[in-house]
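Close look at the chain arrangement
Each chain is listed here by its residues.
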Amino acid sequence: MCTTARKFIRNNNIQPPCVITVLKISGSEEKVFLSNNGLFSYKYAIENHKLFSPEIASVAS
């Protein structure tokens, strides 16, 4: 999943911060958060919001 997201980010010149939805082969979706510090599970970023608060706020608005 991370490899797919990283390829998409690189191929489309996407800049952080942003949230990307990745479609899995199984048909399910998973969100990832591209931070200035790296690529994280969106769930992890929300659970650890104090680490990402300024970046998440800019994406959420």
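Predicted model only: the values in this text are computed from it and were never measured.

Now for the pattern of salt bridges. Enumeration according to the criterion identifies one salt bridge in this entry. Glutamate 30 is the partner of lysine 24 in a salt bridge, and the nearest nitrogen-oxygen pair spans 2.9 Å. Residue class for lysine 24 comes out partly exposed when judged on its relative accessible area of 37%.

The geometry of an aromatic ring pair is captured by two quantities: the separation of the ring centres and the angle between the planes. As enumerated under the stated definition, the model contains one aromatic pair in all. Measuring from ring centre to ring centre gives 5.9 Å for phenylalanine 40 and tyrosine 44, while their planes differ by 15°; the resulting arrangement is stacked. Note on tyrosine 44: relative accessible area 36%, which makes it partly exposed. Over the ring of tyrosine 42 we find lysine 31; its NZ or CZ atom is 5.6 Å from the centre of that ring.

On to the sheet that holds strand E2 (residues 29-35), then. Spatial ordering of the open sheet is given by E1-E2-E3, a layout of three strands whose pairing is antiparallel. Each edge of the open sheet is held by one strand with a lone partner, namely strand E1 (18-23) and strand E3 (38-41). Going across the sheet, the axis of each strand differs from the next one's by a mean of 35°, ignoring polarity. In this sheet, E2 lies alongside E1 in antiparallel orientation, the contact comprising six bridges. Note on E2: the bridge partner recorded for cysteine 18 is leucine 34.

Cut-offs and rules
- Residues numbered from 1 in each chain as written.
- Predicted model: local features only at pLDDT ≥ 70, side-chain atom pairs only at ≥ 80, totals over all residues.
- Heavy atoms only, no water.
- Salt bridge = Lys/Arg side-chain N within 4 Å of Asp/Glu carboxyl O.
- Buried < 20%, exposed > 50% of the residue type's maximum accessible area, 1.4 Å probe, protein only.
- Phe/Tyr/Trp six-rings, centres within 6.5 Å; stacked < 30°, edge-to-face > 60°.
- Lys NZ or Arg CZ within 6 Å of the ring centre and 35° of its normal.
- Pairing = 2+ DSSP bridges.
- Helix = DSSP H or I, 4+ residues; strand = E, 2+ residues; numbered from the N terminus.
- Axes fitted to C-alpha atoms, helices over the stretch in contact; angles between N-to-C directions.

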